[in-house]
Amino acid sequence: MKIFILNNQYMGMVRQWQELTYESRYAESYSDLLPDFVKLGEAYGWKGILIETRDQTRQRDCGDAGP
C-alpha cells in the first residue's frame, strides 16, 4: 500500500466550504506551520520521502515493494 500526502498548504474541505457558503471569506484555511510529513511518516515506521518537482518522481524509488 502506498500513501501519498499532497501538501498545498490549504485545508481543502474548510476552504471549499468557505468558498461555497461564506462568499470566499477565508479564515484559518491556510497554514504555513504544517508538520514535517516525512518525519511524521517515519515516526510510524513508514518510508518517508519528499518530492518537490515532477522530475523527482522519476528519480525517487516510489515503486518498491516495502511499506
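Everything numeric in this text was worked out from a predicted model, so none of it was measured.

## Some points on the pattern of salt bridges
Close approach of charged atoms allows side chains of opposite charge to pair.
Part 1 of the argument: Tallied over the entire structure, the rule returns 1 salt bridge.
Part 2 of the argument: For Glu42, the salt bridge is made with Lys39, and the minimal N-O distance between the two is 4.0 Å. Placement of both Glu42 and Lys39 in helix 2 (residues 37–43) is noted, with a separation of 3 residues, approximately one turn of the helix.
Part 3 of the argument: Taking the relative accessible area as the measure of exposure, Glu42 reaches 38% and is therefore partly exposed.

## Concerning the confidence of the model for the protein chain
Part 1 of the argument: Here the protein chain averages 75 in pLDDT, while 73% of its residues score no lower than 70.
Part 2 of the argument: Of all the helices and strands in the protein chain, helix 3 (residues 54–59) carries the lowest mean pLDDT, 76, while helix 2 carries the highest, 89.

## A word on the side chain of Gln56
Part 1 of the argument: By secondary structure assignment, the location of Gln56 is in helix 3.
Part 2 of the argument: At 2.5 Å, the side chain of Gln56 and the backbone nitrogen of Glu52 are in polar contact.
Part 3 of the argument: Ignoring anything within four residues of it in the chain, the contact list for Gln56 reads Leu50 and Ile51.

## Overview of a nonpolar patch on the surface
Part 1 of the argument: A contiguous nonpolar surface patch, about 760 Å² in accessible area, is contributed by Met1, Ile3, Ile5, Leu40, Tyr44 and Trp46.
Part 2 of the argument: Topologically, Trp46 is positioned in the loop between helix 2 and helix 3.

## Description of the environment of Gly48
Part 1 of the argument: As for its position among the elements, Gly48 is in the loop between helix 2 and helix 3.
Part 2 of the argument: For the pair formed by Gly48 and Ile3, sequence separation is 45 residues and the distance between their alpha carbons is 9.8 Å.
Part 3 of the argument: Once you skip the residues sitting within four places of it in the chain, Gly48 turns out to touch Val38 and Glu42.

Cut-offs used in this document
Residues numbered from 1 in each chain as written. Predicted model: local features only at pLDDT ≥ 70, side-chain atom pairs only at ≥ 80, totals over all residues. Heavy atoms only, no water. Salt bridge = Lys/Arg side-chain N within 4 Å of Asp/Glu carboxyl O. Helix = DSSP H or I, 4+ residues; strand = E, 2+ residues; numbered from the N terminus. Buried < 20%, exposed > 50% of the residue type's maximum accessible area, 1.4 Å probe, protein only. pLDDT = per-residue confidence, 0-100. Polar contact = N/O pair within 3.5 Å; in protein donor to acceptor, adjacent residues only side chain to side chain. Contact = heavy atoms within 4.5 Å. Patch = residues over 30% accessible without salt bridge, like charges linked within 9 Å, V, L, I, M, F, W, Y side chains within 5 Å. Areas by Shrake-Rupley, 256 points an atom, 1.4 Å probe, with all protein chains shown as cover.

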